[in-house]
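These are the residues of each chain, in order.
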Protein chains: 2
Amino acid sequence: MSLRYALMALLRVGPLSGYDLQKQFQVSVGHLWHAPDSQIYPELRKMESEGLVVGEDQPRGERGTRRVYHLTDEGDQAYAAWMEGPLSYARAREPANLKAAYLESASPEAARAFLADHIRHWRGELEQWEAELERIDARANPMLQRRLAATHPRDHDRTVAFKRFGYEGLVDRARAEIAWAERGLALVDDLYGPEDTVAGHA
Amino acid sequence: MSLRYALMALLRVGPLSGYDLQKQFQVSVGHLWHAPDSQIYPELRKMESEGLVVGEDQPRGERGTRRVYHLTDEGDQAYAAWMEGPLSYARAREPANLKAAYLESASPEAARAFLADHIRHWRGELEQWEAELERIDARANPMLQRRLAATHPRDHDRTVAFKRFGYEGLVDRARAEIAWAERGLALVDDLYGPEDTVAGHA
DNA sequence: ACGCCCATGTAAGCGGTTACATGATTGT
DNA sequence: ACAATCATGTAACCGCTTACATGGGCGT
């Protein structure tokens, strides 16, 4: 239910073609709310049918066209309503914690592999988000630049500060997941004895 | 895709009727993986059709029946395969962080309300999970008691330790969310000036 | 007799995933 | 000429949500 608001957040700074929107999405708001292009195109059509955006077919070369989407007043109001209203929270559904709670039924090797993989996954996410934080601080993200160019300089610090704040939450999350899984590895050592090192084959 | 493994984790300690399973689910593994009863009954039927469980209709009173589910060998193996294999991770899709990153387009009041609500939500979750941690430490959860009764005393510490570990991750998460949102409230004060207190109407 | 709990679902719809499908344009 | 990338989708399926639906059993 949040995809459309993520899309509108981008369209609010100016019209974009479906393709450009999708590309910008992947390197900006897509870090916060993932969506593949195969979901974005249909969602735009659906939003158009609901009057939130209008699509304008523009010629491209001889035969090609590209569809440029503009946010409508109605879309702007829907976005504002989402921003002003409460968020609904989904109940917990955490596969990693679920599995962790029953690790006594896994082999020690599988338990270690699971935890190592958890660390690997969240380290990867952490890198992405930290890199994005740096781009935000440097005001280097193209979408952010467009956004700042479209707003009064007086509001720039606010815009940057909130963007930073949103990503900081993800960074905190990733760090917490990594720390948790590291404690898990120590716990496995405690319960089963330290791992035979890979080098210990001889 | 994890629901069936959550159900099998319970059925592994012994057969349960759909109803009992659903009830036990809500007060144990349901904290880690939420599912309403309207999802559990059909999932059990589906698992039966795949041979993971068998359902046995037992008479109840004169006309009533209850369907008692047993884990099959095939189900046990599927559970083991899940435990031994890797978990697949979903890409980030965090409505709260998404909204946070665009809070400059909300009124200060809405921003504060959002953050306060975030804190309220996660405090509620935190309470649940901390209460569950206490029940784990006291070995007071009925499902945990059944589980321990069905396993060798030598393995009890492990079982309890991993269950604790799983919930600790959720507790960490909740604390991180609360700390983040509190920083957010401070940030809003910084950016817009401190809130007029409710008492400040005079 | 009544109400609460036991007991088990169905149906419609939504958001998302995965895989597939097609063709035009631009730069080398 | 060819490749990369621009550009836009469709179709099938899956897990989950929400609301609705029904009836028996048991304790007071």
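Everything below is about the structure shown above.
Below, the structure is looked at part by part. Note that the structure is a prediction, hence the values are computed from the model and not measured.

Conventions we followed
Residues numbered from 1 in each chain as written. Chains lettered and ligands numbered in written order. Predicted model: local features only at pLDDT ≥ 70, side-chain atom pairs only at ≥ 80, totals over all residues. Heavy atoms only, no water. Helix = DSSP H or I, 4+ residues; strand = E, 2+ residues; numbered from the N terminus. Buried < 20%, exposed > 50% of the residue type's maximum accessible area, 1.4 Å probe, protein only. Contact = heavy atoms within 4.5 Å. Core = buried A, V, L, I, M, F, W, Y, C linked by side-chain atoms within 4.5 Å. Least-squares fit on C-alpha atoms with pLDDT ≥ 70 in both. Near = heavy atom within 4 Å. Polar contact = N/O pair within 3.5 Å; in protein donor to acceptor, adjacent residues only side chain to side chain. Nonpolar A, V, L, I, M, F, W, Y, C, P; charged D, E, K, R; others polar. Buried area = accessible area lost by both parts, 1.4 Å probe. Salt bridge = Lys/Arg side-chain N within 4 Å of Asp/Glu carboxyl O.

To continue, consider the environment of A:Ile40. All names here are of chain A. Along the chain, Ile40 falls in helix 3 (residues 37-49). Owing to a relative accessible area of 0%, Ile40 belongs among the buried residues under this scheme. Along the primary structure Ile40 and Ser107 are separated by 67 residues, whereas in three dimensions their C-alpha atoms are 42 Å apart. When neighbours within four sequence positions are excluded, Ile40 is seen to be in contact with Leu7, Gln22, Phe25, Gln26 and Ala35.

It is worth spelling out the nonpolar core at this point. A general tendency of soluble globular proteins is for nonpolar side chains to be buried together. A:Phe25, A:Tyr102, B:Phe25 and B:Tyr102 are the most contacted members of the largest nonpolar core, which has 121 residues in total. When sequence neighbours within four positions are dropped, the list of residues in contact with A:Phe25 reads A:Leu3, A:Ala6, A:Leu7, A:Leu10, A:Gly30, A:Trp33, A:His34, A:Ala35 and A:Ile40.

Mapping chain B onto chain A calls for a rotation angle of 180 degrees and an axial translation of 0.0 Å; the resulting RMSD is 0.0 Å. Such values leave the two copies arranged in the relation of a two-fold axis. No C-alpha of chain B lies nearer the rotation axis than that of B:Arg173, which sits 3.4 Å from it. Comparing interface residues between copies, 100% of those in chain B also lie at the interface in chain A; the contact surface is shared.

For the rest of this paragraph, the subject is the protein's contact with DNA strand C. Neighbouring DNA strand C are 23 residues; A:Gln39, A:Arg63, B:Tyr19, B:Arg45 and B:Arg67 lie closest to it. Counting only the atoms of DNA strand C within 4 Å of the protein, the fraction contributed by sugar and phosphate is 78%. Taking A:Gln39, its side chain carries an N or O atom lying 2.6 Å from a phosphate oxygen of DNA strand C. Measuring from a phosphate oxygen of DNA strand C, one finds a side-chain N or O atom of B:Arg45 at 2.4 Å. For the surface near DNA strand C, the secondary-structure elements that each account for two or more residues are helix 3 of chain A together with helix 2 (18-27), helix 3 (37-49) and strand 3 (64-71) of chain B. No other element matches helix 3 of chain B, which puts four residues into the surface near DNA strand C. Split into classes, the residues belonging to the surface near DNA strand C amount to seven nonpolar, six polar and ten charged.

Facing 68 residues of chain B, the contacting portion of chain A comprises 68 residues. At the boundary of chain B with chain A, total buried surface from both sides reaches about 6,600 Å², with 62% on carbon and sulfur atoms. Linking chain B to chain A there are eight salt bridges. Here chain B and chain A share 32 residue pairs in polar contact (both at pLDDT 80 or more) between them. Mapped onto the side of chain B that touches chain A, the elements with two or more residues apiece are helix 1 (3-11), helix 4 (73-84), helix 5 (95-100), helix 6 (108-137) and helix 8 (156-192) of chain B. In terms of residue count, helix 8 of chain B provides more of the side of chain B that touches chain A than any other element does, 20 residues in total. Tallied by class, residues from the side of chain B that touches chain A come to 38 nonpolar, 14 polar and 16 charged.

Bringing the protein's contact with DNA strand D into the picture now. Looking at DNA strand D, there are 25 residues lining it, with A:Tyr19, A:Arg45, A:Arg60, A:Arg67 and B:Gln39 nearest. Backbone atoms, meaning sugar and phosphate, form 79% of the atoms of DNA strand D found within 4 Å of the protein. Measuring from a phosphate oxygen of DNA strand D, one finds a side-chain N or O atom of A:Arg66 at 3.4 Å. A distance of 3.2 Å separates a phosphate oxygen of DNA strand D from a polar backbone atom of B:Gly64. Mapped by element, the contributors of at least two residues to the surface near DNA strand D are helix 2 (18-27), helix 3 and strand 3 (64-71) of chain A together with helix 3 of chain B. A class-by-class count of the residues in the surface near DNA strand D yields seven nonpolar, seven polar and eleven charged.

All chains considered together, the criterion is met by 42 salt bridges over all chains. Of the charged contacts in the structure, one is a salt bridge between A:Arg120 and A:Asp117, with a shortest N-O distance of 2.6 Å. Taken together, the residues span about one helical turn, with A:Arg120 and A:Asp117 both in helix 6 (residues 108-137) at a distance of three residues. Residue classification places A:Arg120 among the exposed residues on the basis of a relative accessible area of 54%. A:Asp137 is the salt-bridge partner of A:Arg164, the closest N and O atoms lying 2.7 Å from each other. Remark: A:Asp137 occurs in helix 6 and A:Arg164 occurs in helix 8 (residues 156-192); sequence separation between them is 27 residues. Since its relative accessible area comes to 40%, A:Asp137 is described here as partly exposed. Overlapping salt bridges, with partners in common, bring together A:Glu94, A:Arg173, A:Glu177, B:Glu94, B:Arg173 and B:Glu177 in one network.

Any link to function would need more than the numbers given here.
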